[in-house]
Amino acid sequence: MEVSAEAKRIMVVALGKLYSSRTQRGGLRLHRSLLLTMVMKSARDIYHEAQATEESLVPTFEQHQSTAEVTTQPTSGHPELQGPLPGEEVVGSPSELRHDAHARPGAGDKENVCPAVPAQHSRKRRGKAAVEPDFLPCKKAKLEQENCPQLIVSSVLMDYVNCSSELGTTPTPLPLQRVIAAC
Amino acid sequence: MGEDAESPKINHTFLRDYVTEADVISTVEFNQTGDLLATGDKGGRVVIFQRETESKGESEEVGETSDSGEYNVYSTFQSHEPDFDYLKSLEIEEKINKIRWLSQQNAAHFLLSTNDKTIKLWKVSERDKRPEGYNLKDEEGRLKDISTITSLQVPVLKPTDLMVEVRPRRVFSNGHTYHVNSISVNSDGETYLSADDLRINMWHLGITDRSFNIVDIKPANMEELTEVITAAEFHPHHCHLFVYSSSKGTLRLCDMRASALCDKHTKLFEEPEDPGSRSFFSEIISSVSDVKFSHSGRYLLTRDYLTAKVWDLNMDKGPVETYQVHEYLRSKLCSLYENDCIFDKFECVWNSSDSVIMTGAYNSFFRMFDRETGRGVTLEAWRESSKPRAVLRTRRVYTGGKRRRGDVGVDSLDFTKKILHMAWHPAENIIAIAATNNLYIFQDRVNPDVQGQ
């Protein structure tokens, strides 16, 4: 539990640093952004592992809840055709941030007022890389409680399945428990 | 901001501690003879120091070294100004990332200085004479009334006060999309390389509108990016060889004779990762922040966050020597990550005979390692404890065992006082250490000249 708490903290700090580096003088530093993204990736992997070991000790219903919270990204709803590699998803962040910086000149102050998170939700697939920790307020309007886990769980499935698609297996619906074990 | 010892009513300590961001030194470099020392700062200025030579009459005896060894300011100039990339809406910092001197060919000195995007070649020349006795102009330069000129005179050169002129001779711009981290002059004296995060370009010193791209590690899809170039340097003797380091801790030696584009390395130097020491921050701390060829050209010195390593060009399986710079920080990586210190880029240098290596640390400490014995010493670059001509004491960080007087605990280290930039005189035991906005020059009076060891 300690490990996953630390991992979560590291991810949050990395995100904070990535966002603040956008307004830094001299522009986005590629090296720094890359290192931060790598740290986030390690932290995310360890966090998922820790969550997975926890879940295997907890009844099914609660599994749904916690995995749902972990991956809050039902992105744009359309599954990507080329299931990006985990590495690629992760490194999506610096290039996304750069694109955003280019696309919105003089963005500095305006963006700090309203963090670009909602914009990124709709424009790009974030995957598991820039996961929002569960304790941050959810910016998406939630549907009724019963349906919510369902929707999120199915996109989690898509995420996990795309994750393994690099091996060439075609995405077939897998039972949730098996998916978690595989990752 | 002098040493305000006595000030009964006003407390000046805050003034003493206040450092203008622009004054922070960002690079230090001796020229090939060691007579000149250049520093660059965050404000885009370059300050050149010159070594004093003893005046005539003081040492007429045969065999005495004439240099008193003091370095005084020789010239100051504004190398780079803040700039703006209108296309990307990005500010370009004027901070001088690197300075490299060219070999001296005539009376003038040349140096290259670079910020994130633009490299400039500067000519530093002296003028200590001026012509006097013009026919058409008077002493103030005003045109004479022609009717008053009755005879012809030949202007003569009269000595004047020494003037040092610095002029930009070349500006190498638009060569880099990413931030330039290194420049290195080739031993051929005609070309130099500049490296940014993803590309290395080779320039001719005389041609500013073109450069050859010799390394390009930018992936077709930026999402596949896994490593960046962190430093690059030409071999000191072989004009076709250069090395570059990566954020993954690898070194690549490239031979330009093999192909025009040196994406494929000739040799890859990599140390297998120790699985036992894996942590969240393993990738960050394995990133190489500096790479330097030894003077002999046989070895490479690299610096990553916690260690300095010596590699033999003939062996690519791993370093031949590893020196722990501040291993006591390994358990503090998480807080160093939070306060950004883990991203600090330390430089490393060789002494002239390649027998000692030196690198910086925190708390104004810097470390020297004797390669023969493997022993390291910790020294401090701090005004309070080093009056001019005082002997540098060795310091110690307390990591357990018997605590000695003067030991500093790990938790009392000041992480804002970092020694990132330094240089070693090419021939003598003189070192220049940049500590934030101060430059320290230390000389070994006991063994001023390096004996063959």
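Note that the structure is predicted; figures quoted are calculated from it, not measured.

What counts and how
Residues numbered from 1 in each chain as written. Chains lettered and ligands numbered in written order. Predicted model: local features only at pLDDT ≥ 70, side-chain atom pairs only at ≥ 80, totals over all residues. Heavy atoms only, no water. Helix = DSSP H or I, 4+ residues; strand = E, 2+ residues; numbered from the N terminus. Rg over C-alpha atoms; globule rule 2.2 N^0.38 Å. Buried < 20%, exposed > 50% of the residue type's maximum accessible area, 1.4 Å probe, protein only. Contact = heavy atoms within 4.5 Å. Areas by Shrake-Rupley, 256 points an atom, 1.4 Å probe, with all protein chains shown as cover. Lys, Arg positive; Asp, Glu negative; His and termini not counted. Charge placed at Lys NZ, Arg CZ, Asp CG, Glu CD. Salt bridge = Lys/Arg side-chain N within 4 Å of Asp/Glu carboxyl O. Polar contact = N/O pair within 3.5 Å; in protein donor to acceptor, adjacent residues only side chain to side chain. Buried area = accessible area lost by both parts, 1.4 Å probe. Pairing = 2+ DSSP bridges. Axes fitted to C-alpha atoms, helices over the stretch in contact; angles between N-to-C directions.

### Section: the overall build of chain B
Then comes step 1: Scanning chain B from terminus to terminus reveals three helices and 31 strands.
Then comes step 2: Taken against the 2.2 N^0.38 rule, which gives 22 Å for 453 residues, the C-alpha radius of gyration of chain B at 25 Å falls within 12% of a compact globule.
Then comes step 3: Dimensions of chain B, computed from the C-alpha atoms along their principal axes, are close to 90 × 60 × 55 Å.
Then comes step 4: Counting only residues that meet the buried cut, chain B has 47% of its 453 residues in that class.
Then comes step 5: Contacts in chain B between residues at least 24 apart in sequence constitute 51% of all its contacts with a sequence separation of at least 6.
Then comes step 6: As presented, chain B carries roughly 23400 Å² of accessible surface, and 49% of it is formed by carbon and sulfur atoms.
Then comes step 7: Positive and negative side-chain charges of chain B, numbering 56 and 71 respectively, have mean locations separated by a distance of 1 Å.

### A short note on the side chain of Lys117 of chain B
All names here are of chain B.
Then comes step 1: With respect to the element layout, Lys117 can be found in the loop between strand 8 (109–114) and strand 9 (119–132).
Then comes step 2: At 5.6 Å, Asp85 is the nearest oppositely charged side chain to Lys117, a buried residue that forms no salt bridge.
Then comes step 3: Within the local environment of Lys117, its side chain forms a polar contact with the backbone oxygen of Thr177, the two atoms lying 2.5 Å apart.
Then comes step 4: Ignoring anything within four residues of it in the chain, the contact list for Lys117 reads Ile92, Phe172, His176, Thr177, Tyr178 and Val180.

### Looking at the interface of chain B and chain A
Then comes step 1: Facing the 34 residues of chain B at the interface are 33 residues of chain A.
Then comes step 2: Summing the contributions of chain B and of chain A, the shared interface buries around 3000 Å²; its carbon and sulfur component is 60%.
Then comes step 3: The largest contributions to the chain B side of the interface with chain A come from Glu223, Phe280 and Tyr337 of chain B, which together make up 25% of the buried area.
Then comes step 4: For the pair chain B and chain A, the interface holds seven salt bridges.
Then comes step 5: Residue Glu338 of chain B pairs with Arg9 of chain A through a salt bridge whose shortest N-O separation is 2.5 Å.
Then comes step 6: Taken together, the connections running from chain B to chain A amount to 16 residue pairs in polar contact (both at pLDDT 80 or more).
Then comes step 7: Elements that contribute at least two residues to the side of chain B that touches chain A include exactly strand 6 (90–92), helix 2 (282–286) and helix 3 (333–338) of chain B.

### Details of unusual backbone geometry
All names here are of chain B.
Then comes step 1: Despite not being glycine, Ser89 shows a phi value in the positive range, around 55 degrees.
Then comes step 2: By the element assignment, Ser89 lies in the loop between strand 5 (83–85) and strand 6.
Then comes step 3: Owing to a relative accessible area of 26%, Ser89 belongs among the partly exposed residues under this scheme.

### A short note on the sheet that holds strand 20 (residues 299–303) of chain B
Residue and element names in this part refer to chain B.
Then comes step 1: Pairing within the open sheet is antiparallel, and its four strands lie in the order 19-20-21-22. Single-partner strands in this sheet number two, and they are strand 19 (290–293) and strand 22 (321–324). For this sheet, the mean inter-axis angle between neighbouring strands, taken without regard to orientation, is 15 degrees.

### Digging into the pattern of salt bridges
Pairing between side chains of opposite charge can happen when their charged atoms approach one another.
Then comes step 1: This structure, assessed with the given rule, holds 39 salt bridges over all chains.
Then comes step 2: One salt bridge connects Asp41 of chain B with Arg45 of chain B, and the closest N-O pair in it is separated by 3.0 Å.
Then comes step 3: Given a relative accessible area of 27%, Arg45 of chain B falls into the partly exposed group.
Then comes step 4: When salt bridges that share partners are traced, they join Lys17 and Arg32 of chain A together with Asp340 of chain B into one network.

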